[in-house]
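Listed below are the residues making up each chain.
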Amino acid sequence: MNPSEEEGTLSKRKIIELLKTKNKEEVYRLYQIADKTRKKYMGDEIHLRGIIEFSNYCRRDCLYCGLRRSNARLHRYRMTFSEIFQTALKTQTLNFKTVVLQSGEDPAYRVEDLCLLIKKIKKELHLAITLCIGERPRQEYEVMKEAGADRFLLKHETSDYPLYKRLHPDLFYEDRLKCLSWLKELGYQVGSGNMVGLPGQSVESLAEDILLFKKLDVDMVGIGPFIPHYDTPLRNTKTGSLDAVLKIIAIARIVTKNAHIPATTAVGTIDPLGRQKALQCGANVIMPNITPQKYRRDYQIYPDKICIFEDAEDCHSCIQGMVKSLGRTIASSFGHSLKKRFKNLEEKDEKNIP
Ligand code: 5AD
Ligand code: FES
């Protein structure tokens, strides 16, 4: 990489070249540059975002996902608002500054009720709130933002149009992009992301995924390997490779500079040191699972997910050890977006004002 490439100006051709290379030294150099970029823009702090998987009902039928509505073998659950609030309280007790409310696309949670929950968490717990609940009408995104939601995660999953269509029988790529642009207009800190190693996914489309993160100027980027689930039509396909995931995290770091990038649970699932490796080539966030024990095993997006038998305290101490072993520290700020459009939040964050 030349100096301007190291500063984040990477062409599609160069990205493809990096994704294709098997030259160990070149790959090592890529990780080093990504780690340096992470240090320069994000520092050594790691942000913890406690995630509550509050419902595994989903109205969609995405081919790769264990929560797809056609999967009749999954035991379905919905947490009550009071259970969700109690779990959020736990997040606060563990000193996490952000709670992520994630579910399948479950219309049983009406927007008015979600707004009441968001308001209560904001008012009583002073946590940053990230929503990850799929596609909803613009007006619903709007009222949840007004209620106090700070961030929204909606991965584009793949920018390969025909592949997107094949994998999502009841979604449209255009709608996905529309939702992402609404969320941004409404003032959310927005996260997108992709899966790596999907059947039929090309290196070219992975390069496009990275360029899309840059084009959308997203605040957060979640990158994880595809892991085949035995109760889905993709049961006989291959798991995405760790090397490919790490390369994409590294390049995403270099091109997006100051986006928050998690070391995902999926990367920890395909390799026992996956998250540590991700944190050393660009990632700066971990999303510990704080879903109550009795529900965890049923949030089976993909098989063999880590942290199913642990509880929130176990994961917290595991992660503290991990952060320490890497010579990094756990952030005590909210870890809001560092993008210019959120300058006011960054200042509040420094002063630790909710
Ligand atoms: N393997 C890996 N990740 C998956 N996701 C869904 N199904 C799988 C799978 N089989 C990811 C998607 C989704 C997130 C919640 O989980 O990227 O956005
Ligand atoms: Fe859950 Fe390590 S993070 S056990």
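## Focus on the environment of P292
Mapped onto the fold, P292 is located in the loop between β7 (285-286) and α13 (293-296). A residue is classified by how much of its surface remains accessible, and P292, at 23% relative accessible area, is partly exposed. On a C-alpha basis, the gap between P292 and E310 in space is 9.9 Å, while along the polypeptide they are 18 residues apart. Apart from residues lying up to four places away in sequence, P292 is in contact with M79 and T87.

## Some details on the nonpolar core
If you look at the biggest cluster of nonpolar residues, it comprises 99 residues, and the most contacted ones within it are L101, I121, M144 and Y188. No other element matches the 10 residues that helix α10 (residues 242-256) contributes to this core. The contacts of M144, once residues within four sequence positions are left out, are V111, L114, C115, I118, L131, I133, A149 and Y188. Within the second largest apolar cluster, seven residues are counted, among which are V100, L153, V285 and M287.

## With respect to the side chain of D150
Here D150 shows up in the loop between α6 (138-147) and β4 (151-153). D150 sits in the buried class, given a relative accessible area of 13%. One polar contact links the side chain of D150 to the main-chain amide nitrogen of I129, over a distance of 2.8 Å. Among all residues touching D150, those that are not within four sequence positions of it are K122, L127, A128, I129, Y188, Q189 and H336.

## Quick look at the site of ligand 1
What surrounds ligand 1 is the set Y64, C65, K155, E157, M195, P225, F226, I227, I301 and Y302. Take Y64: an N or O atom from its main chain is 2.9 Å from a nitrogen atom of ligand 1. Between K155 and ligand 1, the recorded distance is 3.3 Å, taken from a side-chain N or O atom to an oxygen atom. Look at ligand 1: alone it shows 400 Å² of surface, and the protein chains cover 86% of it.

## Topic: helix α2 (residues 12-20)
Residues K14, I15, I16, L18 and L19 constitute the buried set of α2. Residues of α2 that are buried make contact with α1 (3-6), α3 (24-42), α9 (203-216) and α10.

## Thoughts on the pattern of salt bridges
On inspection of all chains with the given rule, the structure shows 28 salt bridges. The partner of R341 in a salt bridge is D217, and the shortest N-O contact between them spans 2.8 Å. With R341 in the loop between β8 (329-330) and α15 (343-350) and D217 in the loop between α9 and β6 (220-225), this residue pair connects regions lying 124 residues apart in the sequence. According to the relative accessible area criterion, R341 is partly exposed, its value standing at 37%.

## What about the side chain of K339?
Here K339 shows up in the loop between β8 and α15. The exposure class assigned to K339 is buried, which follows from its relative accessible area of 7%. Sequence-distant contacts of K339, defined by excluding residues within four places in its chain, comprise D217, V218, D219, T256, N258 and A259.

The rules behind the values
Residues numbered from 1 in each chain as written. Chains lettered and ligands numbered in written order. Predicted model: local features only at pLDDT ≥ 70, side-chain atom pairs only at ≥ 80, totals over all residues. Heavy atoms only, no water. Helix = DSSP H or I, 4+ residues; strand = E, 2+ residues; numbered from the N terminus. Buried < 20%, exposed > 50% of the residue type's maximum accessible area, 1.4 Å probe, protein only. Contact = heavy atoms within 4.5 Å. Core = buried A, V, L, I, M, F, W, Y, C linked by side-chain atoms within 4.5 Å. Polar contact = N/O pair within 3.5 Å; in protein donor to acceptor, adjacent residues only side chain to side chain. Near = heavy atom within 4 Å. Areas by Shrake-Rupley, 256 points an atom, 1.4 Å probe, with all protein chains shown as cover. Salt bridge = Lys/Arg side-chain N within 4 Å of Asp/Glu carboxyl O.

So yeah, pure geometry; function would need other evidence.
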